[in-house]
Amino acid sequence: DAGITQSPRHKVTETGTPVTLRCHQTENHRYMYWYRQDPGHGLRLIHYSYGVKDTDKGEVSDGYSVSRSKTEDFLLTLESATSSQTSVYFCAIQGVRTGDYGYTFGSGTRLTVV
Amino acid sequence: AQSVTQLGSHVSVSEGALVLLRCNYSSSVPPYLFWYVQYPNQGLQLLLKYTTGATLVKGINGFEAEFKKSETSFHLTKPSAHMSDAAEYFCAVSSTNFGNEKLTFGTGTRLTIIP
């Protein structure tokens with residue numbers, strides 16, 4: 001989607017290794033979110049950010065950490081990847097202007113942990 | 001707490017037929033409701049949203065949804081299905097206004113269009 005990019009788009013990593021996924025936005029939006037998508041579970045919130053250095057946990061935060069040192073970048077780190085973290089990861093952004101209801105999503109990162 | 005239930009993980013309809021995707025929600029406060037569509041290997045795209053006001057909401061690609069508080073429902077409809085409607089659809093609920101909505105998603109409904 002315009003204004004939000006995720007990298008990498010695909011990654012294969014080994015169990016036990018750290019992995020960092022990047023979300024970059026050009027919209028200057030305050031709110032950013034990381035979700036994972038798994039069959040039968042829909043999208044589940046991992047972590048979110050409401051400003052630079054302001055982050056909080058979502059419903060499935062165990063094994064993940066995040067950082068936001070700049071408005072435009074929100075990093076998701078798998079501290080020690082496990083096979084259960086094989087998933088598609090989506091970043092989303094949201095503005096605060098009236099009418100900015102709903103998210104804009106990135107195209108996703110498909111992560112495979114072997 | 002809030003939650004969403006989408007009835008039917010897979011729905012098949014013939015081209016030209018009515019599309020009906022069901023969504024029921026639970027929320028302790030007045031909800032804001034959304035439908036998103038996901039095409040293969042893509043992110044989610046907002047179809048339509050209900051926040052306040054008119055309960056019948058029109059979205060993109062000819063879709064609409066009606067908020068029914070008494071039934072706690074927000075079903076998605078389209079009068080005539082097109083092959084390009086084949087995708088996965090997600091209903092979502094939030095309990096806050098704009099900013100930090102923390103949407104809660106349903107598990108999705110995969111829509112197949114039969115030629």
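See the structure printed just above.
Residues numbered from 1 in each chain as written. Chains lettered and ligands numbered in written order. Predicted model: local features only at pLDDT ≥ 70, side-chain atom pairs only at ≥ 80, totals over all residues. Heavy atoms only, no water.

Q: So what's going on with the overall build of chain A? Which residues, and what values?
A: When you go through chain A residue by residue, the secondary structure sums to 0 helices and 11 strands. Along the chain direction, N to C, the helices and strands of chain A fall in the order β-β-β-β-β-β-β-β-β-β-β. Relative to its length of 114 residues, chain A is compact, with a C-alpha radius of gyration of 13 Å against a globular reference of 13 Å. Along the first, second and third principal axes, the C-alpha set of chain A runs to 45 × 30 × 25 Å. The buried share of chain A, reckoned over its 114 residues, is 50%. Restricting to contacts in chain A with at least 6 residues of sequence separation, those with at least 24 account for 55%. Of the accessible surface of chain A, which amounts to about 5,200 Å², a share of 47% is contributed by carbon and sulfur atoms. Each charge class in chain A was averaged separately, 12 positive and 12 negative side chains, and the resulting centres sit 3 Å apart. (Helix = DSSP H or I, 4+ residues; strand = E, 2+ residues; numbered from the N terminus. Rg over C-alpha atoms; globule rule 2.2 N^0.38 Å. Buried < 20%, exposed > 50% of the residue type's maximum accessible area, 1.4 Å probe, protein only. Contact = heavy atoms within 4.5 Å. Areas by Shrake-Rupley, 256 points an atom, 1.4 Å probe, with all protein chains shown as cover. Lys, Arg positive; Asp, Glu negative; His and termini not counted. Charge placed at Lys NZ, Arg CZ, Asp CG, Glu CD.)

Q: Account for the pattern of salt bridges, with residues named and values stated.
A: Residue and element names in this part refer to chain A. Under the defined criterion, the tally for this structure stands at 7 salt bridges over all chains. Aspartate 73 is paired through a salt bridge with arginine 22; the nearest N and O atoms lie 3.1 Å apart. Placement of aspartate 73 in strand 8 (residues 73-78) and of arginine 22 in strand 3 (residues 19-25) is noted, with a sequence separation of 51 residues between them. Note on aspartate 73: relative accessible area 8%, which makes it buried. Here aspartate 73 and lysine 70 are joined by a salt bridge, their closest N and O atoms 3.3 Å apart. Where salt bridges share partners, they join Arg22, Lys70 and Asp73 into one cluster. (Salt bridge = Lys/Arg side-chain N within 4 Å of Asp/Glu carboxyl O.)

Q: Any details on the sheet that holds strand 8 of chain A? Residues and values, ideally.
A: All names here are of chain A. Judged by pairing direction, the sheet is antiparallel, and its 4 strands sit side by side in the order 1-3-8-7 without closing on themselves. Single-partner strands in this sheet number two, and they are strand 1 (4-7) and strand 7 (64-70). Geometrically, the sheet is characterised by an average inter-axis angle of 20 degrees between neighbouring strands, direction not taken into account. Relative to strand 8, strand 3 runs antiparallel, the two being bridged by 6 bridges. Paired with arginine 22 across the two strands is leucine 75, which belongs to strand 8. (Pairing = 2+ DSSP bridges. Axes fitted to C-alpha atoms, helices over the stretch in contact; angles between N-to-C directions.)

Q: Got a sec to walk through the side chain of Gln6(B)? Specific residues and values, please.
A: Residue and element names in this part refer to chain B. Position of glutamine 6 relative to the elements: it lies in strand 1 (residues 2-7). A distance of 3.0 Å separates a polar side-chain atom of glutamine 6 from the backbone nitrogen of cysteine 91. A distance of 3.3 Å separates polar atoms of two side chains, one belonging to glutamine 6 and the other to threonine 109. Leave out the neighbours within four places in its chain, and glutamine 6 touches Arg22, Trp35, Tyr89, Phe90, Cys91, Gly106, Thr107, Gly108 and Thr109. (Polar contact = N/O pair within 3.5 Å; in protein donor to acceptor, adjacent residues only side chain to side chain.)

All we've got here are geometric facts, nothing functional implied.
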